[in-house]
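What the coordinates show
One-letter residues, chain by chain:
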Amino acid sequence: MFANESGTPDYASILHCIEEEVQPMLSQGKVASYIPQLAKVEREQFGMAVYLLDGRSFSCGAAHTRFSAQSVTKLFALALAYRREGHEIWQRVGKEPSGNPFNSLVQLEYERGKPRNPFINAGALVITDILASRFVESEIAVLQFMRQLADSNSLDFDRAVAESEIETAHRNFAIAHMIKDFGNLHNPVKRVVSSYCRQCSITVNCLELARAGSFLAGHGKIPWSEQVVLDQSSAKRINAVMLTCGTYDAAGEFAYRVGLPAKSGVGGGIVAVLPGVACVAVWSPGLDPTGNSLAGMYALERFTTLTKLSIF
Ligand code: DON
């Protein structure tokens, strides 16, 4: 029913089915409220897009609606830093799952200011610091990189979200001060946290996000331009870190249920990579207690079940 005679998934029917199935879940999650501006987002929304390496794309629901990318931007910041600095970055940030919430401080003190991975806030702040030593404004470098990958100049910062987060970013300031005290932050704390919050405020829609992440499905190459963003080995490594750390302390559950490397954000977006085949983006603002989109995670689980495609 969901594949043609040659066994190729019927993506249009699959997305249609998923959109119907998620409807009862849209009222179940909780919109992120610790960033005041995000608390205003209407919860009952859902969009999904699939970008296939052969250039076709499929979408459903609110796939054209822009949302706050938040931690999804950490994926692009990491790719940019890795492209520039290579393996050196692992001197300053680890690549192990933390098993803790994304904004936790506890490991940082006894691990002497070296964050567990680049996707928890502590690690993303170190990546921002690495970029801040290279670029006048690291958040602009990340925005331009995402625009290039999404082939869309309309991606932009949401100033209201950024300001709202900077004013209330007490925990991120605490994390950054702790890292600075251990000597693992080279730029001023205020500059790093402000750049990080602006980066997180970048807005994107599902179609743009699926296209932007497709180089990770394409083993480092942008599928439509053949431009090499990362070599094959680096793309593999980023996908590996995404699988083990991209959804924080739910990474085990996510791998079990979905079976794809993915990166989530508290704006309700998730980008997932099916190496050699496609990049999938999903958005629904209601979150589960670990900060991952509730309907988004379910939609991806149904996607890999109905297409019979995952990395396993
Ligand atoms: O730093 C924060 O808390 C937010 N700007 C981003 C957190 C986030 O998206 C975590 N993802 N699930």
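For the structure itself, consult the block above.
These numbers were taken from a predicted model, which means no experiment stands behind them.

Before going further, it helps to spend a moment on the sheet that holds strand β7 (residues 278-283). Spatial strand order, β2-β1-β7-β6-β5: five strands in an open sheet with antiparallel pairing. Both outer strands of the open sheet, β2 (57-61) and β5 (262-264), are each paired with one neighbouring strand and no more. The sheet shows a mean angle of 10 degrees between the axes of neighbouring strands, direction not considered. By the bridge criterion, three bridges tie β5 to strand β6 (residues 269-274) in an arrangement that is antiparallel. Its bridge partner lying in β6, serine 264 is registered against isoleucine 270. Contacting β5 and β6, helix α2 (residues 72-85) crosses the sheet at an angle of about 125 degrees to β5.

In this section: the nonpolar core. If you look at the biggest cluster of nonpolar residues, it comprises 82 residues, and the most contacted ones within it are Phe76, Ile127 and Phe215. Per-element tally for this core: the top contributor is α2, with nine residues. Setting aside residues no more than four positions away along its own chain, isoleucine 127 makes contact with Ala77, Leu78, Ala81, Ile89, Val93 and Pro118. One finds Ile18, Met25, Val258 and Leu274 within the second-largest nonpolar core, a separate group that totals 31 residues.

On to the pattern of salt bridges. The tally for this structure, following the rule as stated, stands at 12 salt bridges. Between arginine 92 and aspartate 129 there is a salt bridge whose closest N-O contact spans 2.6 Å. Of this pair, arginine 92 sits in the loop between α2 and α3 (106-110) while aspartate 129 is found in helix α4 (residues 121-132), placing the two residues 37 residues apart along the sequence. The two residues arginine 92 and aspartate 129 agree in class, both being buried. Linking arginine 116 and glutamate 111 is a salt bridge whose minimum nitrogen-to-oxygen distance equals 2.8 Å.

Further remarks concern the packing of α2 against helix α8 (residues 189-200). Where α2 meets α8, the closest approach of the two axes is 9 Å, and the angle between their N-to-C directions is 115 degrees. Across from Thr73, Lys74 and Ala77 in α2, the residues of α8 making contact are Tyr196, Gln199 and Cys200. For the contact of α2 with α8, the residue count by class is three nonpolar, two polar and one charged.

Quick look at helix α5 (residues 138-150) now. In this model α5 runs 18 Å from its N-terminal to its C-terminal C-alpha over 13 residues, within 8% of the 18 Å that 1.5 Å per residue would give. Residues Ser138, Glu139, Ala141, Val142, Leu143, Phe145, Met146, Leu149 and Ala150 constitute the buried set of α5. Positive phi appears at aspartate 151, one or two residues downstream of α5, with a value of about 55 degrees.

Here the focus is the environment of isoleucine 14. Among the secondary structure elements, isoleucine 14 is positioned in helix α1 (residues 11-22). Sequence separation between isoleucine 14 and methionine 1 is 13 residues; the distance between their C-alpha atoms is 9.3 Å. Beyond its immediate stretch of four places on either side in the chain, isoleucine 14 contacts Phe2, Pro9, Phe303, Leu306 and Thr307.

On the surface, Lys95, Lys114, Lys236 and Arg237 cluster together to form a positively charged patch. As for its position among the elements, lysine 236 is in helix α11 (residues 232-245). Accessibility expressed as a relative area gives 53% for lysine 236, which makes it exposed.

Before going further, it helps to examine the packing of aromatic side chains. Tallied over the entire structure, the rule returns eight aromatic pairs. Here tyrosine 11 and phenylalanine 303 contribute two aromatic rings whose centre-to-centre distance is 6.2 Å and whose plane-to-plane angle is 25 degrees, an arrangement assigned as stacked. Note that tyrosine 11 is positioned in helix α1 and phenylalanine 303 in helix α13 (residues 294-307), a separation of 292 residues in sequence. Take phenylalanine 303: its relative accessible area is 0%, and that puts it in the buried class.

About the thresholds
- Residues numbered from 1 in each chain as written.
- Predicted model: local features only at pLDDT ≥ 70, side-chain atom pairs only at ≥ 80, totals over all residues.
- Heavy atoms only, no water.
- Pairing = 2+ DSSP bridges.
- Helix = DSSP H or I, 4+ residues; strand = E, 2+ residues; numbered from the N terminus.
- Axes fitted to C-alpha atoms, helices over the stretch in contact; angles between N-to-C directions.
- Contact = heavy atoms within 4.5 Å.
- Core = buried A, V, L, I, M, F, W, Y, C linked by side-chain atoms within 4.5 Å.
- Buried < 20%, exposed > 50% of the residue type's maximum accessible area, 1.4 Å probe, protein only.
- Salt bridge = Lys/Arg side-chain N within 4 Å of Asp/Glu carboxyl O.
- Nonpolar A, V, L, I, M, F, W, Y, C, P; charged D, E, K, R; others polar.
- Expected span 1.5 Å × (residues − 1).
- Patch = residues over 30% accessible without salt bridge, like charges linked within 9 Å, V, L, I, M, F, W, Y side chains within 5 Å.
- Areas by Shrake-Rupley, 256 points an atom, 1.4 Å probe, with all protein chains shown as cover.
- Lys, Arg positive; Asp, Glu negative; His and termini not counted.
- Charge placed at Lys NZ, Arg CZ, Asp CG, Glu CD.
- Phe/Tyr/Trp six-rings, centres within 6.5 Å; stacked < 30°, edge-to-face > 60°.

These figures capture arrangement, not role.
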